[in-house]
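Chains, contacts and geometry: an overview
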Amino acid sequence: MLIDTARIRVKAGDGGNGCKSFRREKFVPFGGPNGGDGGRGGSIVIEASRGHSTLLDFRYKREIKAERGHHGLGSRKTGRSGEGVVLKVPVGTMIKDVDIGEILADLDEVGKSFVVAAGGRGGRGNARFATSTNRAPTRCEEGRPGEERMVELELKLVADVGLVGLPNAGKSTLLSTISAARPKIGSFPFTTLSPVLGLVPFDIDRSFVVADLPGLIEGAHQGKGLGDRFLRHIERTRVLVVLVDSSDPDPEVSYRTLLHELRSYGFGVSEKPRIVALTKMDLGSGVRSGDVAFGGEDIVEISSATGAGLEKLKGMMRALLDEADRTVE
């Protein structure tokens, strides 16, 4: 199941109250104020983690609270700060404030974090208010409230290459062959219901990440078949590989359908560098690259079953990634 958006209410801990206390010892009849400060409330931090791939953890847990700070004590003892909360989310999660519609953070790297709700400051004890003219203050402060807000988490995968195709075009099989990823594979459409990432080794220090995206259908950009939710993951990929089943009765129509969905979705996804891969060439009953026209695209014939063409495809992916790097520089 694809869980790529979630709304949660976060409430940081309130600060502890300051203490009103006076020194009371034998032979010290006029001991001064010694009330300690309250502890700070716990904050709530959201952090990108490599060990998480969906926002499923937040599907049922809609409200997150941190511990409040403890109250100050006599003898100038500061109250203990409240325990904070660290929420782990997948890399590529964006945090948006629902009420004001502002994007607060984009956690696009492992370990990147954002304090989504800061704990309240502890109140000052009466010892803080002693002066030369007021040696016995009775004033102390209450702790400040912790921040509270409703946030929306939206996951957009971060990958170098995105595999795009109609259902059952061979995307999952390809990813399982060129990487160590093990996506669910079946001979029926819509086997993949959530994006899967795989690390593809190439040369030393030149590996890259490929995303197996769920199959698209006509009308995907309008939300048909959850297509708009799948397409958002393409936004961050640098290169696209469009997979077309060579045994398809009309592969050119399939290709035009995919290209139309990419263009209609917008966000520049149709402008990304792309490769067309004719899949399932081992079946022997499909078309060849010379039989169809894909608008001058780079075309490679592959078979995940036999391994034919896979090294060539990986080389083409790496070459486009290197070219994209040079363009950025």
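Heads up: these notes are all about the structure in this document.

1. Section: the overall build of the protein
- Check the secondary structure of the protein and you find four helices and 14 strands.
- Considering the protein as a whole, with its 329 residues, one finds that 47% of them fall into the buried category.
- Looking at the protein alone, contacts between residues at least 24 apart form 69% of all its contacts between residues at least 6 apart.
- Of the roughly 16,600 Å² of accessible surface on the protein, 49% is carried by carbon and sulfur atoms.

2. Here's the deal with the nonpolar core
- Among the nonpolar cores identified, the biggest contains 23 residues, and I8, I44, I46, F58, I95, V116 and L153 are the most heavily contacted of them.
- For this core, the elements supplying multiple residues, two or more each, are strand 1 (5-11), strand 2 (44-49), strand 4 (85-90), strand 6 (102-107), strand 7 (113-117) and strand 8 (148-155).
- The contacts of I95, once residues within four sequence positions are left out, are I46, E102, I103, L104, A105, L107, F114, V116, V151, E152 and L153.
- Counting 22 residues, the second largest nonpolar core, distinct from the first, contains L163, I302, L310 and L320.

3. A look at the side chain of K11
- By the element assignment, K11 lies in strand 1.
- A distance of 2.7 Å separates a polar atom in the side chain of K11 from a polar atom in the side chain of D14.
- Not counting chain neighbours up to four residues away, the residues in contact with K11 comprise I44, I64, K65, A66, G146, E147 and E148.

4. Brief notes about the pairing of strand 1
- Direction of pairing for strand 1 relative to strand 8: antiparallel, over a ladder of seven bridges. Residue K11 lies in a different strand from strand 8, and its bridge partner there is E148.
- The pairing of strand 1 with strand 3 (residues 63-65) spans three bridges and is classified as parallel. If you follow V10 over to strand 3, its bridge partner there is I64.

5. Section: the packing of aromatic side chains
- Under the counting rule described, the total for this entry stands at one aromatic pair.
- Each ring, one from F202 and one from F208, has its centre 6.4 Å from the other, and the planes form 50°; the classification is tilted.
- Of the residues examined, F208 reaches a relative accessible area of 1% and is grouped as buried.

6. Regarding the sheet that holds strand 14 (residues 298-301)
- Strand order across the open sheet formed by six strands is 10-11-9-12-13-14, with mixed pairing between neighbours. Two strands bound the open sheet, and with one partner strand each, they are strand 10 (196-200) and strand 14. Going across the sheet, the axis of each strand differs from the next one's by a mean of 25°, ignoring polarity.
- Pairing of strand 9 (residues 161-165) with strand 12 (residues 239-245) involves five bridges; the strand directions are parallel. By the bridge assignment for strand 12, G162 is matched with L240.
- Packed on one face of the sheet, helix 3 (residues 251-265) meets strand 9, strand 12 and strand 13 (274-279) and runs near 150° to strand 12.

7. Re helix 3
- For helix 3, built from 15 residues, the straight-helix expectation of 21 Å at 1.5 Å per residue is met to within 8% by its first-to-last C-alpha distance of 21 Å.
- For helix 3, the full list of buried residues reads P251, S254, Y255, T257, L258, L259, E261, L262 and Y265.
- Among the residues trailing helix 3, G266 stands out with phi positive, at a value near 85°.

8. Quick notes on the sheet that holds strand 8
- Here we have five strands laid out as an open sheet, ordered 3-1-8-5-6, and mixed in their pairing. Bordering the open sheet on either side are strand 3 and strand 6, each of which pairs with just one other strand. Sheet twist, expressed as the average angle between the axes of neighbouring strands with direction ignored, equals 30°.
- Where strand 5 (residues 93-97) and strand 6 come together, five bridges link them in antiparallel fashion. When the bridges of strand 6 are listed, K96 appears paired with I103.

9. Let's talk about unusual backbone geometry
- We note that S75 has phi near 60°; this positive angle belongs to a residue other than glycine.
- Mapped onto the elements of the fold, S75 is located in the loop between strand 3 and strand 4.

Conventions and cut-offs
Residues numbered from 1 in each chain as written. Predicted model: local features only at pLDDT ≥ 70, side-chain atom pairs only at ≥ 80, totals over all residues. Heavy atoms only, no water. Helix = DSSP H or I, 4+ residues; strand = E, 2+ residues; numbered from the N terminus. Buried < 20%, exposed > 50% of the residue type's maximum accessible area, 1.4 Å probe, protein only. Contact = heavy atoms within 4.5 Å. Areas by Shrake-Rupley, 256 points an atom, 1.4 Å probe, with all protein chains shown as cover. Core = buried A, V, L, I, M, F, W, Y, C linked by side-chain atoms within 4.5 Å. Polar contact = N/O pair within 3.5 Å; in protein donor to acceptor, adjacent residues only side chain to side chain. Pairing = 2+ DSSP bridges. Phe/Tyr/Trp six-rings, centres within 6.5 Å; stacked < 30°, edge-to-face > 60°. Axes fitted to C-alpha atoms, helices over the stretch in contact; angles between N-to-C directions. Expected span 1.5 Å × (residues − 1).

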